[in-house]
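Descriptive analysis of the structure
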Amino acid sequence: MSLQMLESLRKLSSEVREIDLGSKIRRLHVSELDALTFSRDFVSRNKPCIITGALDAWPALHLWDESYLCSRAGDKKVTMDVTPDGRGDTITDVSGYLDPVNCAGRLPSTDADAADPESTSSAHQSVSGTPKGPIRYFMTPEERKSTLSQFFTLLRTSRHKPEDEVAEELPTCISSGVAERPPQQVPYIQHQNSSLTEEFSFLALDLQPGLPAWMEEVFGEPPDAVNLWIGDERSITSFHKDHYENMYAVLCGTKRFTLLPPCDVWRLHAQQCPAAQWVLEGGHQQPRDTAYLSNRLAAAKEREEGMQCGLYEQEQCVNQRSLAGSCCTGHQGDADTSAGGASEGREACMPADTTGCRNFGEHSSCSQSGPAGLNGSCSQSGPAGLNGNSRWRVRLKESSETVSWCPVEPRPRNILAAKAHYPQFFDPGLPEPLIAEVGPGELLYLPSLWHHFVEQETTTPGKDYVLAVNFWYDMQFDSKWAYYQLVEQLSASLS
Ligand SMILES: O=C(O)CCC(=O)C(=O)O
């Protein structure tokens, strides 16, 4: 049955391309469109296009740069999302951030037989008796309030890649042979609560006269949300879909959208993962100025002079106890195949006390791993910590929260492993994703339910950031939606 189903889904994906979508996204000038043509040729057919010339009258297109934006924003605090790797809202192998000794047997989603095709973390594999596979959480970014000027400072200083520049100077924890490095931070303004109208309303006039009036006619009402996006090439948005019709305007730099139509949902190998959030613990809550790196280097040297590795390890373990505890706060809804191991772990590490719970106050079952965390057996914390003041940690969300998300990277580092893991995505007999490269002044119509993976490049001379604004309009829940749900259910039953 499932082979037959797979064949039918393959046919569906191919036919949709042959009948209507083709393999290229059409680019057309706004003057070629009106309500009727846009609705007939694109929206009703759930078909993307790139529109040129629609933003020509926006003052933002010419005015917006770092100094203008910062002077308009002044001291106002806005939300920036920060991650260690530029990946917010994505399935991440966090094994490098967990303590392998204390977490052994208690990890929520370990699959020892499956190498994560994107994982760069291998430190945990070297510790005998500990899980050898990736540990996947759906990670959301840390949300930090800062001024826009602090955001730009962090965007720039964090490009210094402390691990490259400072690594040679850093102390190495001998027992693991793994150098502890300062935590990398990648900031991205990407808050999606209609951030432009909620947090950046002082910029709204710069978007006048807005999108062509006929667009609202087509979508039936004003946009539900207008969002501002500011980042650089380090920030990547993983494959997902939205229940919105999306008009995505790029103002500076280039955005590359890798797109799959809704009927291809079965090719994305969605996985259910526990949900967690990145938290940068200690020291670096506020963006630093350029003195930050040199101060940190000096601190590292000072530390190196007086440091006993054992003490250092112990300090890490104190921090890691609550993380180990987090492995055993109930993921009752965890659909991962390792759930059995995780539940054993839950029993095995019930709290002796709750001293490790300071970041997990909301979880009554939150625990620490007991004396093991203090006995020096803790070997390393992966790329998280340098000096005991600052390290990325994984904070679990509500105890039962799991998220279904697509793990596929369209251009993976390890293509062979990726093909083995995600054969439906990389199947050479199936159509390739469509690519939309959207440059300054261009507007992408991204139809509802299309899966999109978004990268960006700082291609505008003199601007080392990418600026964009998007408009989300409510989608119509019509018969296309009902068909889509059928495909999604078939896809879920395939896996
Ligand atoms: O620009 C990005 O990074 C992501 C955009 C996106 O996912 C969206 O507009 O729905």
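Everything quoted here is computed from the prediction, not taken from an experiment. Residue numbering note: each chain is counted from 1, following its sequence as written. The predicted origin of the model limits local features to residues at a pLDDT of at least 70 and limits the giving and counting of side-chain atom pairs to 80 or more, whereas totals for whole chains, interfaces and linings rest on all residues.

Turning to the overall build of the chain, a few remarks are in order. Summing up its helical and strand segments, the chain has 15 helices and 20 strands in all. Backbone-placed C-beta atoms define the burial measure: a residue is buried with 20 or more other C-beta atoms within 10 Å of its own, exposed with 12 or fewer, and partly exposed in between. When burial is assessed residue by residue, the chain has 45% of its 495 residues classed as buried. Here, residue contact means that the backbone-derived C-beta atoms of the two residues sit within 7 Å. Considering only intrachain contacts with a sequence separation of at least 6, the fraction spanning at least 24 residues in the chain is 88%. Under the scheme used here, helices are H or I runs from DSSP no shorter than 4 residues and strands are E runs no shorter than 2 residues, and both carry numbers assigned from the N terminus.

As a further point, take the sheet that holds strand β17 (residues 434–438). Backbone-to-backbone hydrogen bonds pair the strands of a sheet. The strands run either parallel or antiparallel. Taken in spatial order, the four strands make up an open sheet running β11-β19-β13-β17, and their pairing is antiparallel. What marks the edges here is a single partner per strand, and that holds for β11 (237–240) and β17. Taken over all neighbouring pairs, the strand axes of this sheet differ in orientation by 20° on average, direction set aside. Strand pairing requires that DSSP identify at least two bridges connecting the strands. Two strands pair when backbone bridges link them, and β11 and strand β19 (residues 451–457) are joined in this way by two bridges, in the antiparallel orientation. Across the sheet, the residue bridging to T237 is V454, located in β19. Axes here mean lines fitted to C-alpha atoms, for a helix over just the part in contact, with angles spanning 0 to 180 degrees between N-to-C directions.

Taken together, Q190, W229, T237, D242, N246, Y248, K255, H452, V454, A468 and N470 make up all the residues around the ligand. Lys, Arg, Asp and Glu make up the charged group, whereas Ala, Val, Leu, Ile, Met, Phe, Trp, Tyr, Cys and Pro make up the nonpolar group; the residues left over, Gly among them, are polar. Here the shell around the ligand is built from residues that sort into four nonpolar, five polar and two charged. Here, nearness means that the C-beta atom of a residue, built from backbone geometry, sits within 6 Å of the molecule or strand in question.

For the bond from Q208 to P209, the omega torsion is 10°, close enough to zero to count as cis. On the secondary structure map, P209 appears in the loop between α8 (195–198) and α9 (213–219). Phi is positive for N46, which is not a glycine, with a value near 55°. C-beta crowding within 10 Å serves as the criterion here: with 20 such atoms nearby, N46 is assigned to the buried category.

When two helices pack together, their arrangement is given by the angle between their axes and by how far apart the axes lie. Interaxial distance between helix α4 (residues 66–73) and helix α6 (residues 148–157) falls to 8 Å at its minimum, and their mutual angle equals 145°. Residue-level contacts link E66, L69, C70 and A73 of α4 to L148, S149 and F152 of α6. Partitioning the contact of α4 with α6 into residue classes produces five nonpolar, one polar and one charged.

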